[in-house]
Amino acid sequence: MMYIGSHLNMSGPEYYLGTVKKAFEYGETAFMFYTGAPQNTKRLPTSSLKIEEARALLKEQQFNEEMIVVHAPYIINLGNIIKPEVGELAVSFLKQEIKRTADFHVRKLVLHPGSSVGAEKEIVLKTIAQRLDEVLIDDHHDVLILLETMAGKGSEVGSSFSELAELINLSHFPERLGVCLDTCHIHDAGYREDDVKGVLKEFDETIGLSKLKAIHLNDSKNPRASHKDRHENIGYGDIGFLTLHKWALKGEELGIPVILETPYFQEKAPYKKEIEMLRKGEIEDSWRDKL
């Protein structure tokens, strides 16, 4: 079964129940969401987010909750050693997000590893691992942190498999860490994403394929190795439909969630159509114009 879906909003008045309803509307068998706004620390209590009503609907529709993913806020930067207070906020906020993820009965939390902000990369990698340990040492929730492959924009950490492997190896809790591979990001970082077999061979040799727990399936607005990180709709970017379909099939083979983070087109969500085409393995000409 292809567990495929998209990044969905969660907003009032139905909150998580509304997110789940939208997933069914789009024909999704996996999805991802934020527990609150990604740009700030403001959070509603999870008791007000209609979690039990949503889970009842998921159970009624026999939806596999293992295919649901939470994305941690972008403002978490475990790598900032220039401003210690930023690192301290990242640790405390990530602890909170793990608990909130567990409140939704979700086990996968995707996290951008962080940015060096001009500091020496090796010191930053050690700092991120130490801060991950600080988060996890007293945490008893059954939640995996999935470090996302990054495009290498600015001073981002994690644009190579070797950096992610080092973070996992440096941590005292490697069993709590996995990886989310983003197709746009690895393309923009310089990997030959069209060589799916070759990329996964390198991933397996560097990190271990068992650590791959989710895929973000996105086309790219920019050429390979651009380090830009600008997502595009399926088939409209530099990666192309055929390669992205191969990645979707690989997700199916591995039994992991495949999540679209592609942009809206003329204020219309593309996900239902993109999912339909990926399941069929065929792309329609000018499909965005028919949304």
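Here is a short report on the structure shown in this document. This structure is a prediction, so every number in the text was calculated from the model and none was measured.

**Considerations on the nonpolar core**
Counting residues in each nonpolar core, the largest one holds 76 residues, and the members touching the most others are Y16, F31 and L94. Grouped together as the second largest cluster of nonpolar side chains are 11 residues, Y3, A30, M67 and L144 included.

**Here we look at the packing of helix α7 (residues 196-206) against helix α8 (residues 241-254)**
Packing of α7 against α8 brings their axes to within 10 Å, and their N-to-C directions diverge by 50°. Our classification of the angle between α7 and α8 gives oblique. Where α7 approaches α8, its residues V196, V199 and L200 are matched on the opposing element by T243, K246, W247 and K250. Looking at the contact of α7 with α8 residue by residue, the classes come out as four nonpolar, one polar and two charged.

**Section: the packing of aromatic side chains**
Inspection of the entire model under this criterion finds 13 aromatic pairs. A ring pair is formed by F31 and F33, whose centres lie 6.1 Å apart and whose planes are at 40°; its orientation type is tilted. Judged by relative accessible area, which is 0%, F31 ranks as buried. Of the residues examined, F33 reaches a relative accessible area of 0% and is grouped as buried. Relative to F203, the ring of F161 lies with its centre 5.2 Å away and its plane at 75°, an arrangement referred to as edge-to-face. With a gap of 42 residues between them, F161 in helix α5 (residues 161-170) and F203 in helix α7 connect regions that are remote in the sequence. What makes F161 buried here is its relative accessible area of 1%. The rings of Y16, F24, F31, F33, F63 and F104 are connected pair by pair, giving a single aromatic cluster. A cation over a ring is seen here: R288 above Y236, with NZ or CZ 3.7 Å from the ring centre.

**Some remarks on the layout of surface pockets**
The computed volume of the largest pocket comes to approximately 480 Å³. If you go around the largest pocket, you meet 28 residues; those closest to its centre are H7, L8, N9, Y34 and Y271. With three residues, the single largest contributor to the lining of the largest pocket is helix α1 (residues 16-25). Across the lining of the largest pocket, the residue classes break down as 11 nonpolar, 12 polar and five charged. As a volume, the second largest pocket reaches approximately 170 Å³. Around the second largest pocket, the lining is made up of 13 residues, and of these Y74, H112, S115, M150 and E156 lie nearest the centre.

**As for the state of the cysteines**
In this structure the tally under the stated criterion is zero disulfides. Considering cysteine sulfurs only, C184 is the nearest to C180, which forms no disulfide, with 12 Å between them. Overall, the relative accessible area of 0% leaves C184 in the buried class.

**Here we look at the pairing of strand β4 (residues 108-111)**
Each regular strand carries side chains that alternate between the two faces of the sheet. The two faces of β4 match: K108 and V110 on one face and L109 and L111 on the other face are all buried. The pairing of strand β3 (residues 68-71) with β4 spans two bridges and is parallel. When the bridges of β4 are listed, V70 appears paired with L109. For the segment spanning β3, helix α3 (residues 84-103) and β4, crossover handedness is right-handed.

**Here we look at unusual backbone geometry**
Note that the residue after G12, namely P13, is joined by a cis bond; omega there is 5°. Examined against the element boundaries, P13 turns out to sit in the loop between β1 (4-7) and α1. With phi around 55°, H227 is a residue other than glycine that occupies positive phi space. By the element assignment, H227 lies in the loop between β8 (219-220) and β9 (231-232). Backbone geometry at Q266 places phi at a positive 50°, although glycine is not the residue there.

About the criteria used
Residues numbered from 1 in each chain as written. Predicted model: local features only at pLDDT ≥ 70, side-chain atom pairs only at ≥ 80, totals over all residues. Heavy atoms only, no water. Core = buried A, V, L, I, M, F, W, Y, C linked by side-chain atoms within 4.5 Å. Buried < 20%, exposed > 50% of the residue type's maximum accessible area, 1.4 Å probe, protein only. Axes fitted to C-alpha atoms, helices over the stretch in contact; angles between N-to-C directions. Helix = DSSP H or I, 4+ residues; strand = E, 2+ residues; numbered from the N terminus. Parallel < 35°, antiparallel > 145°, perpendicular 65-115°, else oblique. Contact = heavy atoms within 4.5 Å. Nonpolar A, V, L, I, M, F, W, Y, C, P; charged D, E, K, R; others polar. Phe/Tyr/Trp six-rings, centres within 6.5 Å; stacked < 30°, edge-to-face > 60°. Lys NZ or Arg CZ within 6 Å of the ring centre and 35° of its normal. 1 Å grid on protein atoms, 1.4 Å probe; cavity = no way out; pocket = protein on both sides within 12 Å on 5 of 7 lines; lining within 4 Å. Points joined across faces, edges and corners; volume = space filled by probe spheres on them. Disulfide = S-S within 2.5 Å. Pairing = 2+ DSSP bridges. Right-handed = clockwise from strand over helix to strand, strands pointing away.

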